[in-house]
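Architecture at a glance
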Amino acid sequence: MTDTLKIDNLHVSVEGKPILRGVNLTIRRGETHALMGPNGSGKSTLGLVIMGHPKYQVTAGTMTLNGENLLDKSADERARLGLFYAFQRPVAIPGVKLADFLRHAATNVRHPERKEGEELMPMREFRRELKGKMEQLRMESEFARRYVNDGFSGGEMKRAEILQLAMLQPKIAILDETDSGLDADAVRLASQSIAEIGREKMGLLIITHHDKLLEHNPPDFTHVILGGRIVETGGVELANELHTQGYDRIRQAYPDADEANRKMVEKEEAAAVA
Amino acid sequence: MTATLSQPGFDQQSFDAFLHARNEPAWLVEQRREAWQSSLEKDWPARNEEEWMRTDIRLFKLNQFGLPVGPHSVWARPGDKVGDHRQDQSHTESGTTLTEGVDLAGRTAAEDSRPAHSALKAKWADKGVVFGSLDELVHTHGELIRKHLFTRAVDPTYDKFSALHAACWSGGHLLYVPRNVTIEEPLHCLSAISDGGVDLGHTLIVLEENAEATVMCETASPRQEDSGFHCGATEVILAPNSRLRFVSLQNWGHGVWHFAHQKAIVGRDASLQWTLAAIGSRLSKVNQHVELVGRGASTQVNGVLFTEGKQHISYHTLQHHAAPDCRSDFLYKSALQDKSRTVWRGMIKVDPLAIKTNGYQRNDNLLLAATARADSIPGLEIQCDDVRCTHGSTTGKVDEELIFYAQARGLTRKEATRLIVSGFFQQIFDRITIESVREALGQAILRRVREYV
Ligand SMILES: Nc1ncnc2c1ncn2[C@@H]1O[C@H](COP(=O)(O)OP(=O)(O)O)[C@@H](O)[C@H]1O
Ligand SMILES: [Mg+2]
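Position numbers for residues count from 1 along each chain, tracking the sequence in the order it is written. Here the convention is simple: chains get letters from A, ligands get numbers from 1, in the order in which they are written. Only residues with pLDDT of at least 70 are given local features in this predicted model, and only at 80 or more are side-chain atom pairs given and counted; all residues enter the totals for whole chains, interfaces and linings. Values shown for side chains rest on all heavy atoms present in the structure; no hydrogens or waters enter the calculation.

Residues and elements named next belong to chain A. Taken together, the protein ligands of the magnesium ion (ligand 2) are Ser44 (OG) and Gln88 (OE1), with distances of 2.1 to 2.2 Å. Here Ser44, found in helix H1 (residues 43-51), pairs with Gln88, found in the loop between strand S6 (83-86) and helix H3 (98-110); they are 44 residues apart in sequence, far enough to count as distant. Assessed through its relative accessible area of 17%, Gln88 is described here as buried. Metal donors were taken as nitrogen, oxygen and sulfur atoms no farther than 2.8 Å from the ion, or 3.2 Å where the ion is Na, K or Ca. Water is excluded, so coordination may look unfinished. In this description a helix means any DSSP run of H or I spanning at least four residues, a strand means any run of E spanning at least two, and both kinds are numbered starting from the N terminus. Only protein chains enter the calculation, and the probe is 1.4 Å; a residue is then buried if its accessible area is under 20% of its type maximum, exposed if over 50%, and partly exposed in between.

Here you go:
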């Protein structure tokens, strides 16, 4: 059976405020999906809730991986089941070297039964593999000795996320604006890396505003999210339309969702001012 | 408490018996009597005193403990020796945590405030190095000790505890390094007590001109829950151009009351690196004082505190610039679990003539539970214009977003918490140049870290 992430009628609130209002989405291993939508439409929320961020409450709906309920699982359990979320805004962990962090992460993800305190994967094996992946991504080896995301530029953080994706080899990966903050060369490199990591070995959900990442990773499906709902799903041509013409047609076609989106963004702006 | 321990109480009768049994030189008997008198005259600290207002010792009862008189100690029981009886996983494997894989120049140990055993490599003894039990060496090196003991560093009249210590010290350690001698290997001092026991140890370290040494001191109890009483002092006297790396690990059982006065005098162009870790005791009250007395002296202090349960650890530090061109750099980090509490009160004092002072102090606290509490009170007292002094402090919880990030990469909440705690201390571990110490401290702390709640 192909690994399948299935989301049905998902409703999500944060601090009592509804954000996602009935999302339906099915991603199979081997497929590439694009998720596009204006600011504040709920893209990152969807990614974070799939990964199990405790701040987001699921008020209705279901989410399964290969039929297994995900909603009662913690983030680390989901990671061990093969889910990966590349953060739009990664956080720094001062004092913890990226290599040490990754060795721990890779051990857990590859040995989901591992108990706390049991041996990590052998250092030599890990180092060799990390070195290979970093060469592939054209990263300086010194990079792995730096503290996780600490003092990284925006671009470095995104590249560190791709390195982690490459090392953890998930079944389903969500890339949240992994191309923003990267220049054109870096985006090309990132796209190549994703292809090399094995696009066909993963199910990919690519959240992006740009067309570069999709150019190298043409989506099988494009979803448009507005006001916390997926309002349209199409093929690669939908992504192209949105890039060239923006969201005007979508906003007009779905006035309710547009209104909901406006309200969410207004609240966000009001909160930012306050 | 055990019958083999001395009679309870710190009264006149037991003090006289203590003095009588020790048979020490007259100057020392006199010094002890004077301090005893002073301890009788001094009141217990009042709750409204600045140093004690955050540290409540009302439950401490001195007379539950006794002066170490007589040769017996429960450590003398077979199979109950420091070093081979630690079954408790949460504690260190042996009484000596810091020396794993280290070639030592010498070692000395006190058990229940009595000298246990000492050894020093002959090549260092031949060079005039004196190392071992202060109690024993006072009989052979009395004049050397007299010159330094309570003369320049610790003031016996500071408070009731310093007076009591000066009167009753026992189970002490001495290191004396003559001019131009560099001891390559570290020296190790262990102070161990049994459950309910006392340690009144005095550590005296004297480096003469251009001498160099590394000293590692640690304390131990048989089990983590054990009680006891430590009333101690440390005096470090560094002559011009000497260099000392000093590590001290306070690792008592969690029922031990710990009161300590520690002071270092650093001479011209001498340097002191002092790394301390405090992870044991029920309650600790420590005065740590470094006085830079000669031009160009420098000191770096690295403090690591980890508390859990209801532990209370209070550090009052003073970096005193009494000469020009000196540098001091104090960094303290504490992580607190459960309902534990730390107090850090730091002061940089600069005398009028101490121009070109470079002073730095910082205290960072990481709260691992909403019920833990850290008080951080930095301070400056500067009487000189031409100085650079900076200080800072932070106190915060573990950031839930960091935990989530690590969990999203497959680490459990507990593993994430440990990683974040080890990262928090990394800045200090980076400054510790002795690998065995870095490893031992890191492991001792991580073993204790549970899940962030
Ligand atoms: N942690 C949060 N706390 C409060 N509001 C949030 C939080 N996360 C998202 N939101 C709100 O949910 C809406 C969608 O946000 P987000 O998912 O980040 O949008 P996108 O990624 O599409 O730009 C926004 O209005 C935002 O204010
Ligand atoms: Mg977003």
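For the rest of this paragraph, the subject is the site of ligand 1. All names here are of chain A. For this description, a residue counts as near a given molecule or strand if any of its non-hydrogen atoms is within 4 Å of it. Of all residues adjacent to ligand 1, which total 15 residues, the nearest are Gly40, Lys43, Ser44, Thr45 and Tyr56. Under this definition, polar contacts are N or O atom pairs within 3.5 Å; protein pairs additionally need one hydrogen-donor-capable and one acceptor-capable atom, and for neighbouring residues in sequence, both atoms have to be side-chain atoms. At 3.3 Å, a backbone N or O of Ser41 approaches an oxygen atom of ligand 1. Looking at the shell around ligand 1, its residues break down into 5 nonpolar, 6 polar and 4 charged. Amino acids are sorted into nonpolar (Ala, Val, Leu, Ile, Met, Phe, Trp, Tyr, Cys and Pro), charged (Asp, Glu, Lys and Arg) and polar (every other residue, Gly among them).

This part covers the packing of H3(A) against helix H5 (residues 154-168) of chain A. Residue and element names in this part refer to chain A. Inter-axis angles, ranging from 0 to 180 degrees, are taken between N-to-C directions of lines fitted to C-alpha atoms, where helices are fitted over the stretch in contact. Across the interface, H3 lies against H5 with an axial gap of 10 Å and an inter-helix angle of 35 degrees. Crossing hand, H3 versus H5: right-handed. Contact with H3, carried on its side by Leu98, Phe101, Leu102, Ala105, Ala106, Val109 and Arg110, involves Ala160, Leu163, Gln164, Met167 and Leu168 of H5 and no other residues of that element. Class assignment of the residues belonging to the contact of H3 with H5 gives a composition of 10 nonpolar, 1 polar and 1 charged. Handedness of each helix crossing follows the sense of rotation of the near helix against the far helix: counterclockwise by less than a right angle gives left-handed, clockwise gives right-handed. When checking whether two residues touch, look at their non-hydrogen atoms; a contact exists if any pair is within 4.5 Å.

Next up on the list: the sheet that holds strand S5 (residues 68-69) of chain A. All names here are of chain A. Overall, antiparallel pairing links the 4 strands, which are arranged S2-S1-S4-S5 in an open sheet. Edge positions in the sheet fall to strand S2 (17-28) and S5, since each has one partner strand and no second. Two strands pair if DSSP finds at least two bridges between them. Relative to strand S4 (residues 56-65), strand S1 (residues 4-14) runs antiparallel, the two being bridged by 8 bridges. For Asp8, the partnering residue across the bridge sits in S4 and is Thr62. H1 contacts S1, S2 and S4 of the sheet and is inclined by roughly 110 degrees relative to S1.

A few words on helix H1 (residues 12-22) of chain B. Residue and element names in this part refer to chain B. Here H1 has its buried residues at Ser14, Phe15, Phe18, Leu19 and Arg22. All buried residues of H1 fall inside an arc of 140 degrees around its axis, so they share one side. Pointing more than 90 degrees away from the buried face of H1 are the exposed residues Gln13, His20 and Ala21. Of the surrounding secondary structure, the elements contacted by the buried residues of H1 are helix H2 (26-41), helix H4 (134-140) and helix H6 (160-168). Immediately beyond the C-terminal end of H1, within one or two residues, lies Asn23, with a positive phi of roughly 55 degrees. The arc in question is formed by the directions pointing from the helix axis toward the C-beta atoms.

Residues and elements named next belong to chain B. Per-residue confidence from the predictor is given as pLDDT, running between 0 and 100. Across chain B, the average pLDDT comes to 92, with 93% of residues at 70 or higher. Considering only residues more than four positions removed or in separate chains, one finds that residues 1-5, a stretch of pLDDT under 50, has 10 contacts. Across residues 73-94, confidence stays below pLDDT 50; counting only partners more than four residues off in sequence or on other chains, it has 52 contacts.

It is worth spelling out unusual backbone geometry at this point. Residue and element names in this part refer to chain A. Its identity is not glycine, yet Gln169 carries a phi of approximately 45 degrees, on the positive side. Mapped onto the elements, Gln169 comes out in the loop between H5 and strand S7 (172-176). Phi is positive for Glu177, which is not a glycine, with a value near 50 degrees. Within the secondary structure, Glu177 sits in the loop between S7 and helix H6 (184-198).

Residue and element names in this part refer to chain A. Most of strand S3 (residues 32-36) sits inside the fold, with 5 of its 5 residues counted as buried. Side chains of S3 alternate between two faces, with Thr32, Ala34 and Met36 and His33 and Leu35 buried alike. When S3 meets strand S8 (residues 203-207), the two strands line up parallel, connected through 4 bridges. Counterpart to His33 in the pairing with S8 is Leu205. Where S3 and strand S9 (residues 221-226) come together, 4 bridges link them in parallel fashion. Bridged to Leu35 within S9 is His223.

With that out of the way, let us pick up the packing of aromatic side chains. In this analysis, rings of Phe, Tyr and Trp, with Trp reduced to its six-membered ring, are considered paired at centre separations within 6.5 Å, and the interplanar angle assigns stacked below 30 degrees, edge-to-face beyond 60, and tilted for intermediate values. Scanning the model with the defined rule gives 26 aromatic pairs over all chains in all. Judged by centre distance (5.9 Å) and plane angle (15 degrees), the ring pair of Phe101(A) and Tyr405(B) falls under stacked. With Phe101(A) in helix H3 and Tyr405(B) in helix H7 (residues 400-408), the pair connects residues from two separate chains. Of the two residues examined, Phe101(A) and Tyr405(B), each falls in the buried class. A ring pair is formed by Phe60(B) and Phe229(B), whose centres lie 5.0 Å apart and whose planes are at 45 degrees; its orientation type is tilted. Of the two residues, Phe60(B) is situated in the loop between H2 and strand S1 (106-111) and Phe229(B) in strand S9 (residues 227-238); the sequence distance between them amounts to 169 residues. Through pairs of rings, three or more aromatic residues link up here, namely Phe10(B), Trp44(B), Trp52(B), Phe60(B), Phe65(B), Phe161(B), Phe229(B), Trp257(B) and Phe259(B).

Residues and elements named next belong to chain B. The strand order across the open sheet built from 10 strands is S2-S1-S5-S8-S10-S12-S14-S16-S18-S20, with neighbouring strands paired in mixed fashion. Each having just a single partner strand, strand S2 (114-120) and strand S20 (387-397) make up the two edges of the open sheet. Sheet twist, expressed as the average angle between the axes of neighbouring strands with direction ignored, equals 5 degrees. Judged from the 11 bridges that link them, strand S18 (residues 357-367) and S20 form a sheet pairing that is parallel. Bridging across to S20, Asn363 finds its partner in Ser393. Across the face of the sheet, helix H8 (residues 413-429) comes into contact with strand S14 (298-307), strand S16 (327-336) and S18 while running at roughly 165 degrees to S16. Here helix H9 (residues 435-448) sits on the sheet in contact with strand S8 (212-220), strand S10 (243-250), strand S12 (271-278) and S14, set at roughly 25 degrees to S14.

Residue and element names in this part refer to chain B. Relative to the elements of secondary structure, His320 occurs in strand S15 (residues 312-321). Overall, the relative accessible area of 9% leaves His320 in the buried class. A polar side-chain atom of His320 sits 2.9 Å from a polar atom in the side chain of Asp351. Once you skip the residues sitting within four places of it in the chain, His320 turns out to touch His289, Val290, Glu291, Leu292, Lys349 and Asp351.

Right, let's get into the interface of chain A and chain B. Listed as interface residues are 34 residues of chain A and, on the opposing side, 19 residues of chain B. Both faces combined, the contact of chain A with chain B buries some 2200 Å², and carbon together with sulfur accounts for 63% of it. Summed over the three residues of chain A that lose the most area to chain B, namely Asp76(A), Phe101(A) and Glu116(A), the buried surface amounts to 24% of that side. A side-chain nitrogen of Lys or Arg and a carboxyl oxygen of Asp or Glu constitute a salt bridge if their distance falls within 4 Å. Counting every contact that joins chain A to chain B gives 3 salt bridges. The closest approach of N and O atoms between Glu415(B) and Arg114(A), which form a salt bridge, is 2.9 Å. Viewed at the interface, chain B and chain A are joined by 14 residue pairs in polar contact (both at pLDDT 80 or more). Counting residues per element, the ones that place at least two in the side of chain A that touches chain B are H1, helix H2 (75-81), S6, H3 and H5 of chain A. Top contributing element to the side of chain A that touches chain B by residue count: H3(A), with 5 residues. Its residues assigned to classes, the side of chain A that touches chain B comprises 21 nonpolar, 8 polar and 5 charged. When two parts are put together, the accessible area they lose, computed with a 1.4 Å probe and summed over both, is reported as buried area.

What follows is about the packing of H8(B) against H9(B). All names here are of chain B. Running from N to C, H8 and H9 cross one another at 150 degrees; their axes reach a closest spacing of 10 Å. It follows from the interaxial angle that H8 and H9 lie roughly antiparallel. In this structure, H8 crosses over H9, and the sense of that crossing is right-handed. Facing H8, whose interface residues are Arg418, Val421, Ser422, Phe425 and Phe429, H9 presents Arg438, Leu441, Gly442, Ile445, Leu446 and Arg447. Its residues placed into classes, the contact of H8 with H9 shows 6 nonpolar, 2 polar and 3 charged. When describing relative orientation, an angle under 35 degrees is termed roughly parallel and one over 145 degrees roughly antiparallel, while 65 to 115 degrees is termed roughly perpendicular and anything else oblique.

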